[in-house]
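For reference, the chains in residue letters:
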Amino acid sequence: MGWMFPPGDAPGFLVIEDEHTLLLPDRRGNNRIDSMRNLLENNQIALLLLIPEVNETLRINGTAEIIIDSEILAQFSVNGVLPRSVLRIRVERVFFQCGRALIRSGLWQSKYPAEKGKIPPPGQILKSISRDEFDGDAYDAELPSRIAKTLY
């Protein structure tokens, strides 16, 4: 099973199609298709749902298929932008995961806030690992507007 990066979205983005099936839109992300390729090779999927300020998580295991049907995609339109695809997830097991790890980490309490300037921005990291072949300064300068334009 491969990694699937969290799509994140407004409340209600995970739709219950029926008592054993969920629909999950594939929102824009880092444009990597590893997760989709992995699902084509092995349709097993596991979801870990996090809700801000709730320590317990919900785990869902099942199988998934990639849907590109225009009527289903239209259900997930945000600001006129459709997701690239939707995962139809057949739920096999659901269980709660205790919140000990989130409690210990202080995730929702901002117990360990990142100090501005201590963690380099993404462009500077890319610049460093590329040995200055990547223009990290331009990347970081353009990032806020790029995110605003391409959020959906």
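Residues numbered from 1 in each chain as written. Predicted model: local features only at pLDDT ≥ 70, side-chain atom pairs only at ≥ 80, totals over all residues. Heavy atoms only, no water.

**Q** Honestly, the overall build of the protein in this entry has me stumped. Any pointers?
**A** Helix and strand counts for the protein come out as five helices and five strands. Seen through its C-alpha atoms, the protein measures out along the principal axes to roughly 50 × 40 × 30 Å. Sorting the 152 residues of the protein into buried and exposed places 23% on the buried side. Summing over all exposed atoms, the protein offers an accessible surface of approximately 11,200 Å²; the carbon and sulfur share of this is 56%. (Helix = DSSP H or I, 4+ residues; strand = E, 2+ residues; numbered from the N terminus. Buried < 20%, exposed > 50% of the residue type's maximum accessible area, 1.4 Å probe, protein only. Areas by Shrake-Rupley, 256 points an atom, 1.4 Å probe, with all protein chains shown as cover.)

**Q** Help me out: how do you make sense of the sheet that holds strand β1 (residues 15–18) in this one?
**A** Strands in a sheet are paired, the pairing made by backbone hydrogen bonds, and the direction either parallel or antiparallel. Spatially, β1-β2-β5-β4-β3 is the arrangement adopted by the five strands of the open sheet, whose pairing is antiparallel. The strands lining the two open edges of the sheet, one partner per strand, are β1 and β3 (44–49). Averaged over neighbouring strand pairs, the angle between their axes works out to 40° when direction is ignored. Here strand β4 (residues 57–67) pairs with strand β5 (residues 85–97) via 11 bridges, running antiparallel. Counterpart to Glu-65 in the pairing with β5 is Arg-88. (Pairing = 2+ DSSP bridges. Axes fitted to C-alpha atoms, helices over the stretch in contact; angles between N-to-C directions.)

**Q** What should I look at first to understand the pattern of salt bridges in this one?
**A** Side chains that differ in charge, positive against negative, can pair when their charged atoms come close. The tally for this structure, following the rule as stated, stands at five salt bridges. Residues Lys-127 and Asp-137 are paired through a salt bridge, measuring 3.4 Å at the closest nitrogen-oxygen approach. Of the two residues, Lys-127 sits in helix α4 (residues 122–129) while Asp-137 sits in helix α5 (residues 136–150), which places them 10 residues apart along the sequence. For Lys-127, a relative accessible area of 24% gives the class partly exposed. When the shortest N-O distance is used, the salt bridge between Glu-142 and Arg-146 registers 3.7 Å. Of this pair, Glu-142 and Arg-146 both sit in helix α5, four residues apart, roughly one helical turn. For Glu-142, a relative accessible area of 43% corresponds to the partly exposed category. The class for Arg-146 is partly exposed, based on a relative accessible area of 28%. (Salt bridge = Lys/Arg side-chain N within 4 Å of Asp/Glu carboxyl O.)

**Q** I tried to follow the nonpolar core on my own but got confused; where do I start?
**A** The nonpolar side chains of a soluble globular protein tend to be buried with one another. Listed in full, the 11 residues of the largest apolar core are Leu-22, Leu-24, Met-36, Leu-39, Ile-45, Leu-47, Ile-60, Ala-64, Leu-87, Ile-89 and Val-91. Looking at this core, the elements with two or more residues in it are β2 (21–26), α1 (34–41), β3, β4 and β5. Excluding its chain neighbours within four sequence positions, the residues that come into contact with Ala-64 are Leu-39, Asn-43, Ile-45, Arg-88 and Ile-89. In this structure, Leu-23, Ile-67, Ile-72 and Leu-73 belong to the second largest nonpolar core, which totals six residues. (Core = buried A, V, L, I, M, F, W, Y, C linked by side-chain atoms within 4.5 Å. Contact = heavy atoms within 4.5 Å.)

**Q** How should I be thinking about a nonpolar patch on the surface in this particular structure?
**A** Where nonpolar side chains cluster on the molecular surface, the patch consists of Ile-125, Leu-126, Ile-129 and Phe-134 and spans about 340 Å² of accessible area. The residue Leu-126 is located in helix α4 in this model. Classification of Leu-126 by relative accessible area gives partly exposed; the value is 33%. (Patch = residues over 30% accessible without salt bridge, like charges linked within 9 Å, V, L, I, M, F, W, Y side chains within 5 Å.)

**Q** For this particular structure, what's the right way to read the packing of α4 against α5?
**A** Packed helices, taken two at a time, are described by their axes: the angle between them and the distance between them. Look at α4 against α5: their axes get within 7 Å of each other, and the N-to-C directions meet at 160°. Relative to α5, the element α4 is oriented roughly antiparallel. Viewed along their axes, α4 and α5 form a crossing whose handedness is right-handed. Where α4 abuts α5, its residues Pro-122, Gly-123, Gln-124, Leu-126 and Lys-127 lie against Gly-136, Asp-137, Tyr-139, Asp-140 and Leu-143. By residue class, the composition of the contact of α4 with α5 is four nonpolar, three polar and three charged. (Parallel < 35°, antiparallel > 145°, perpendicular 65-115°, else oblique. Left-handed = near helix turned anticlockwise from the far one by under 90°. Nonpolar A, V, L, I, M, F, W, Y, C, P; charged D, E, K, R; others polar.)

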